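Results of the structural survey
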Amino acid sequence: MRCLVLSDIHANRPALEAVLQDAGSFDIIWCLGDLVGYGPDPNECVERLQDFNLLCLAGNHDWAALGKLGLDDFNVDARLASRWTREALTPQNLEYLDNLPTNLIQEGYTLAHGSPREPVWEYLLDASIATINFRYFQTDVCFVGHTHIPLIFILNDKRGRCYPITPPFSGPVQLGPHRMIVNPGSVGQPRDGDPRASYAILDTEAGTWEHRRVAYPVEITQERMRARNLPRRLIERLALGR
Ligand code: ZN
């Protein structure tokens, strides 16, 4: 099975469309959460994903838009965007988001938005926190999003510690033999200094994984954010990938 693995679309429809175009054929989308928040097209993104065979998790921004998570941990801009998103979402799309699980095991892989230990909000930004998290899932590989940074943590079995590697973006790599936590990066708001949408293709039969990047018309998303009076800093950062 060929899975298109996405995370952190953040209501950025032009970025989502570019990924769907670039991905080629696939059997299913696995979306690791944060469909909404920050961006101008929350309803369009929630609805567009449902055109496909889809397995979808909830992220912290989805929960914030639902009022299931307080906004205290958000900065001012994220808070404003979250309030706007809550108002903008249709009752039907709010209900869809409300019914999403926070983690899953599928085809022998663990899926979570933030981390296997705290699926909704924990950030796996460094090796020490990632190392602890290897105790919280049973499968060989876990896929996470949330940090908006494409990354692979590899567990060194002898020392029981893990180390991060930056994905090569140069074709499929074999998953294993060591246990891994893998992040496809963010479709709608990359933060690794590259503004192109980030995503991945998983081939479950071959056990291969391919990190990919695709450019999208950032200025269209920015224009739509301006039209909705979304915070200026959120608009500007899209062009920087930060
Ligand atoms: Zn996010």
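Quick note: structure is the one above.
Definitions and cut-offs
Residues numbered from 1 in each chain as written. Predicted model: local features only at pLDDT ≥ 70, side-chain atom pairs only at ≥ 80, totals over all residues. Heavy atoms only, no water. 1 Å grid on protein atoms, 1.4 Å probe; cavity = no way out; pocket = protein on both sides within 12 Å on 5 of 7 lines; lining within 4 Å. Points joined across faces, edges and corners; volume = space filled by probe spheres on them. Helix = DSSP H or I, 4+ residues; strand = E, 2+ residues; numbered from the N terminus. Nonpolar A, V, L, I, M, F, W, Y, C, P; charged D, E, K, R; others polar. Pairing = 2+ DSSP bridges. Donors = N, O, S within 2.8 Å, 3.2 Å for Na, K, Ca; no water. Tetrahedral: all angles 85-135°; square planar, octahedral: opposite > 155°, others 65-115°. Buried < 20%, exposed > 50% of the residue type's maximum accessible area, 1.4 Å probe, protein only. Phe/Tyr/Trp six-rings, centres within 6.5 Å; stacked < 30°, edge-to-face > 60°. Lys NZ or Arg CZ within 6 Å of the ring centre and 35° of its normal. Contact = heavy atoms within 4.5 Å. Axes fitted to C-alpha atoms, helices over the stretch in contact; angles between N-to-C directions. Parallel < 35°, antiparallel > 145°, perpendicular 65-115°, else oblique. Left-handed = near helix turned anticlockwise from the far one by under 90°. Core = buried A, V, L, I, M, F, W, Y, C linked by side-chain atoms within 4.5 Å.

What follows is about empty space enclosed by the protein. Within this structure, the stated rule accounts for two cavities of 30 Å³ or more. Taken as a whole, the largest cavity holds about 50 Å³ of empty space. For the lining of the largest cavity, the secondary-structure elements that each account for two or more residues are strand 7 (151–156) and strand 10 (180–183). Per-element tally for the lining of the largest cavity: the top contributor is strand 10, with three residues. Here the lining of the largest cavity is built from residues that sort into seven nonpolar, three polar and no charged. Here the second largest cavity is characterised by a volume of approximately 40 Å³. Around the second largest cavity, the lining residues are His10, Asn12, Tyr38, Gly39, Gly188, Gln189, Thr221, Met225 and Leu238.

Moving on: the sheet that holds strand 2 (residues 28–31). Spatially, 3-2-1-11-12-9 is the arrangement adopted by the six strands of the open sheet, whose pairing is mixed. Lying at the two open borders of the sheet, with one neighbouring strand each, are strand 3 (54–56) and strand 9 (173–174). In the sheet, strand 11 (residues 197–203) pairs with strand 12 (residues 208–214) via seven bridges, with the strands oriented antiparallel. Each residue of the ladder has a partner; that of Ile201, found in strand 12, is Glu210.

Bound to the zinc ion on the protein side are Asp8 (OD), His10 (NE2), Asp34 (OD) and His148 (NE2), at distances that span 2.0 to 2.3 Å. Classification of the site at the zinc ion rests on its four donor atoms, whose angles at the metal span 86 to 180 degrees, yielding the label irregular. Mapping the donors of the zinc ion onto the primary sequence gives the spacing D-x1-H-x23-D-x113-H. With Asp8 in the loop between strand 1 (2–6) and helix 1 (13–22) and Asp34 in the loop between strand 2 and helix 2 (42–49), the pair connects residues that are 26 residues apart, well separated along the chain. Each member of the pair, Asp8 as well as Asp34, is classed as buried.

Applying the stated criterion across every chain, the model contains six aromatic pairs. Within the aromatic cluster, the residues linked to one another by ring pairs are Trp30, Tyr109, Phe143 and Trp209. Here the basic side chain of Arg117 rests over the ring of Tyr136, its NZ or CZ set 5.7 Å away from the ring centre. In this arrangement the basic side chain of Arg179 is found over the ring face of Phe137, its NZ or CZ atom lying 4.4 Å from the centre.

We now examine the environment of Ala64. For Ala64, the position within the fold is in helix 3 (residues 60–66). In this structure the C-alpha to C-alpha distance between Ala64 and Ala78, which are 14 residues apart in sequence, comes to 9.9 Å. Excluding its chain neighbours within four sequence positions, the residues that come into contact with Ala64 are Leu69, Leu71, Phe74, Ser82 and Arg86.

The calculated volume of the largest pocket comes to roughly 280 Å³. Forming the boundary of the largest pocket are 18 residues, of which Asn60, Asp73, Phe74, Tyr123 and His146 lie nearest the centre. Residues of the lining of the largest pocket, tallied by class, amount to seven nonpolar, six polar and five charged.

One can describe the packing of helix 2 onto helix 5 (residues 91–98) by two numbers: an axis separation of 10 Å at closest approach and a directional angle of 60 degrees. As summarised for this structure, helix 2 and helix 5 are arranged oblique, according to the angle between their axes. As helix 2 runs across helix 5, the sense of the crossing is left-handed. Listed contacts from helix 5 to Asn43, Val46 and Glu47 of helix 2 are Asn93, Tyr96 and Leu97. Looking at the contact of helix 2 with helix 5 residue by residue, the class counts come to three nonpolar, two polar and one charged.

Tracing the chain through its elements places Cys142 in strand 6 (residues 141–143). Assessed through its relative accessible area of 0%, Cys142 is described here as buried. Linking Cys142 and Gln21, residues 121 residues apart in sequence, is a C-alpha distance of 26 Å. When near neighbours in sequence (up to four residues on either side) are disregarded, Cys142 contacts Thr110, Pro116, Phe137, Met180, Ile181 and Val182.

Grouped burial of nonpolar side chains is what soluble globular proteins tend to show. Grouped together as the largest cluster of nonpolar side chains are 41 residues, with contacts concentrated most on Leu4, Leu6 and Leu35. With five residues, helix 1 is the single largest residue contributor to this core. Setting aside chain neighbours within four positions, we find Leu6 in contact with Leu16, Val19, Ile29, Trp30, Cys31, Leu32, Leu49, Pro184, Val187 and Tyr199. In this structure, Trp30, Phe143, Met180 and Val182 belong to the second largest nonpolar core, which totals 19 residues.

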